[in-house]
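Spelled out, the chains give:
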Amino acid sequence: MVISVKIVTPLMDNWLFCRAEYKNACVADAAAVSLPHTWNALDGQDGGDDYFRGECCYFKNINIDKKENTLYYLEFYGVNSVCSIYVNGAHIGEHRGGYTLFRINITDAVISGKNEIAVSVSNFPFPDVIPLTADFTFFGGIYRKVNLIEVSGAHFSLDDFGSDGVYITYPNIPQIAKRAEVTVRAKISGAESSCKLRVSISGAGTFEPCPGIKVPDFDKTRFEKFENNECKTIVSAEKNVDNKNATVKLCVDYPRLWNGRKAPYRYKVKCEIIENGIVSDRVEKFIGFRYINIDAKKGFFLNGNRYPLRGVNRHQDRENMGWAVTEKEHDQDFALIYEMGANAVRLAHYPHHPHFYDLCDKYGLLVWAEIPFVENIGGMGISPLKTDKKVDSAVTADMLKNAKQQLTELIVQQIHRPSVFCWSVSNEVRREYGDTAAYMMSELNNLAHSLDSSRYTALATNHFDGDKWQTDIKGCNIYPGWYWGSPKMFRSQAAAHIRANGGRGVAVSEYGAGSNIYHHTEKPKQPKNTVCDFHSEEWASIVHEHALKYFMSPKADKIWGAFVWNMFDFAIDSRNEGGIPGRNDKGLVTYDRKIKKDAFFLYKSYWSSERVLYITSRRFVKRKNKRVSVKIYSNENEITLYVNGFKAGQKSAKSNSRVFVFRGVKLRRGKNEVKAVSDGGLKDIVIWEY
């Protein structure tokens, strides 16, 4: 007999929102909203002067039949960035940080009957809370889900940095292929007498596909057979628990390895507390056995095989929604990343929704996970280049404390995941902070290793001083062809970071170029100043062509990964460039996810196993020149071009290139049908006017 004593009730509807500080908020003036919610959905993306950063309040009445020996928690998946919780007018607690799950124990404040919950939220730039500044909009609000939890009796702790009280680890060593040792640590609360911790490992069970992915890379029949039919218990163990902490170790002999996109096999670990012969609490998690090695000279290895990471960066916001997105939007984003053929994703610049990590686990994408320690250090001055800045060491110490809190939350909540290969402690922290930054990186690096000894620590930097800061591996943010240098300089800029890095493995953690799908030119040129109104799709494509020419060649063997900036256009309200105020337009897909830019298909032709044939500049409909160049992205062997039904040329693939260019193609007056046909039977057609 299994009796659940943990009741989880979603609290997503019937909230009231008031744009005022808690002390001045009036429920009578509040507007009805549902969660997820942000007050910056529009003003945070328009580039105007109306972007609001301050305090707002949410109110909700909940009915509770209060029981003895029962604890009551509010569980928040994401509130940006500092929030205070009030129950029936009493201040219960606060959370400082906008991206990780946290819980507040409200037991002492609730009564039987109606209870008023108030959540005061501020996205003001607090100098002791990371991130202080960054090149993206900080959307304020309760933008992820909220639950009420009732729990009694023996249960897994709900009071440890947002974790579920169960911590599953397994070694990152080659021997795991023969014998996988799993360590399960549990923190148990509420036990009135001795109880048992029972742990079992089985196949993962029913595979729930991501909408939008019809044909995954792995053998679906074989994979589902393993997931569904081999879900019987493989190994289990029980242990008497006499204190609040317990550890159980189990071994799986010759496990199926989690092997990236081709075979992301997972196992389910079920943890149960047995009290008086009854299951009083249960936590289930999915793990995957794999071993990862990053060699400074040879690159990234997964399960002993070279596996260069071909990845993208991803921000979580969506046009007219900000961060208040649902699992539907996360699924759409993931399906687009998967379609393009990426095998890795850098979840920039903060912890993302657990659902997105779930998708990466299930479909075999490696994850660079990081905390939002970006650019500036509180207490050291917003503009570190100024020599007259005032230093407040107490604020700086508090900011480090907050960074440690957010890093701890990230690790304890996601430590079980096979997809996560590194914990990144910062992005583009400025060189001017010198010894202070070095000390903070060292502290965060040591904390990450103390919490998880099996994964790499990382940081991303856009300057060479970052090479001296302490982490296991490093990402360099370089933008040849955009902010500085020619697009032909990918190799030289990456090589400079390799030389400066003291033997650590190096990835290119950011690169790219802005593009507006409505901006086109016959003769693309690098902008002299990227803060300009014209960002042509054609120039961005040239930058990405040079990038892939390098990253897909043997010359890039020392680069263990490269991550495009960015998969999607995203909001940064302070920008005004490329003809779209409030936008960073370096995405391969538009902000509304409706249009895949030309460069998307360049990557798909290199990375995906799906056959690709795509004529670029298709939105450049009206042409001024009679003779034009026709550029095609394809992974087919031979392309034949037709214009108005007449053959205009034929080209075969060269070396490892996926770019076919037909120069001097003649157009006639009026509309022209330009058609490409591959030797494999693929066709693509565009209509251009001259």
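Residues numbered from 1 in each chain as written. Predicted model: local features only at pLDDT ≥ 70, side-chain atom pairs only at ≥ 80, totals over all residues. Heavy atoms only, no water.

Summarising burial for strand β21 (residues 267-275): 7 of the 9 residues are buried, a large majority. Two elements, strand β16 (residues 195-203) and β21, share 8 bridges in a ladder whose sense is antiparallel. When the sheet's bridge partners are listed, Ile201 is paired in β21 with Val269. Across 9 bridges, β21 lies against strand β22 (residues 278-287) in antiparallel orientation. Within the sheet, the bridge partner assigned to Tyr267 lies in β22 and is Ile287. Hairpin connection, β21 to β22: the antiparallel pair is bridged by 2 residues, and Asn276 has positive phi, about 55 degrees. (Buried < 20%, exposed > 50% of the residue type's maximum accessible area, 1.4 Å probe, protein only. Helix = DSSP H or I, 4+ residues; strand = E, 2+ residues; numbered from the N terminus. Pairing = 2+ DSSP bridges.)

Turning our attention to the sheet that holds strand β32 (residues 505-510). Strand pairing in a sheet relies on backbone hydrogen bonds. The paired strands run either parallel or antiparallel. Reading around the barrel, the 8 strands line up as β26-β27-β28-β29-β30-β31-β32-β33 and close back on themselves, with parallel pairing between neighbours. The mean angle between the axes of side-by-side strands here comes to 25 degrees, regardless of whether they run parallel or antiparallel. With 2 bridges connecting them, β32 and strand β33 (residues 559-564) associate as parallel partners. Bridge pairing in β33 places Val508 opposite Ala562. (Axes fitted to C-alpha atoms, helices over the stretch in contact; angles between N-to-C directions.)

Along the polypeptide, Gly141 turns up in strand β11 (residues 141-142). Linking Gly141 and Arg19, residues 122 residues apart in sequence, is a C-alpha distance of 11 Å. Not counting residues within four places of it along the chain, the set of residues in contact with Gly141 comprises His37, Thr38, Trp39, Tyr58, Gly78, Val79, Asn80 and Val121. (Contact = heavy atoms within 4.5 Å.)

Quick look at the confidence of the model for the protein chain now. Taken over all residues, the pLDDT of the protein chain has a mean of 94, while the share at 70 or more is 96%. Segment residues 382-388: pLDDT under 50, and 12 contacts once partners within four positions in sequence are set aside and those in other chains are kept. (pLDDT = per-residue confidence, 0-100.)

Right, let's get into the pattern of salt bridges. For the coordinates displayed, the defined rule picks out 38 salt bridges. With a closest N to O distance of 3.0 Å, Lys596 and Glu339 form a salt bridge. You can see Lys596 sitting in the loop between β35 (580-584) and α8 (598-607) and its partner Glu339 sitting in helix α2 (residues 327-340), a full 257 residues away along the chain. With a shortest N-O distance of 2.3 Å, Asp467 and Lys474 are connected by a salt bridge. Across this residue pair, the class does not change: Asp467 and Lys474 are buried. (Salt bridge = Lys/Arg side-chain N within 4 Å of Asp/Glu carboxyl O.)

Here we come to unusual backbone geometry. Look at the link from Ala348 to His349: it is a cis peptide, with omega at -25 degrees. The residue His349 is located in the loop between β27 (344-347) and α3 (354-363) in this model. The step from Trp565 to Asn566 runs through a cis peptide bond, and the omega angle for that step is 10 degrees. With respect to the helices and strands, Asn566 occurs in the loop between β33 and β34 (570-577). Although it is not a glycine, Ser655 adopts a positive phi angle of roughly 50 degrees. The residue Ser655 is located in the loop between β39 (646-652) and β40 (659-666) in this model.

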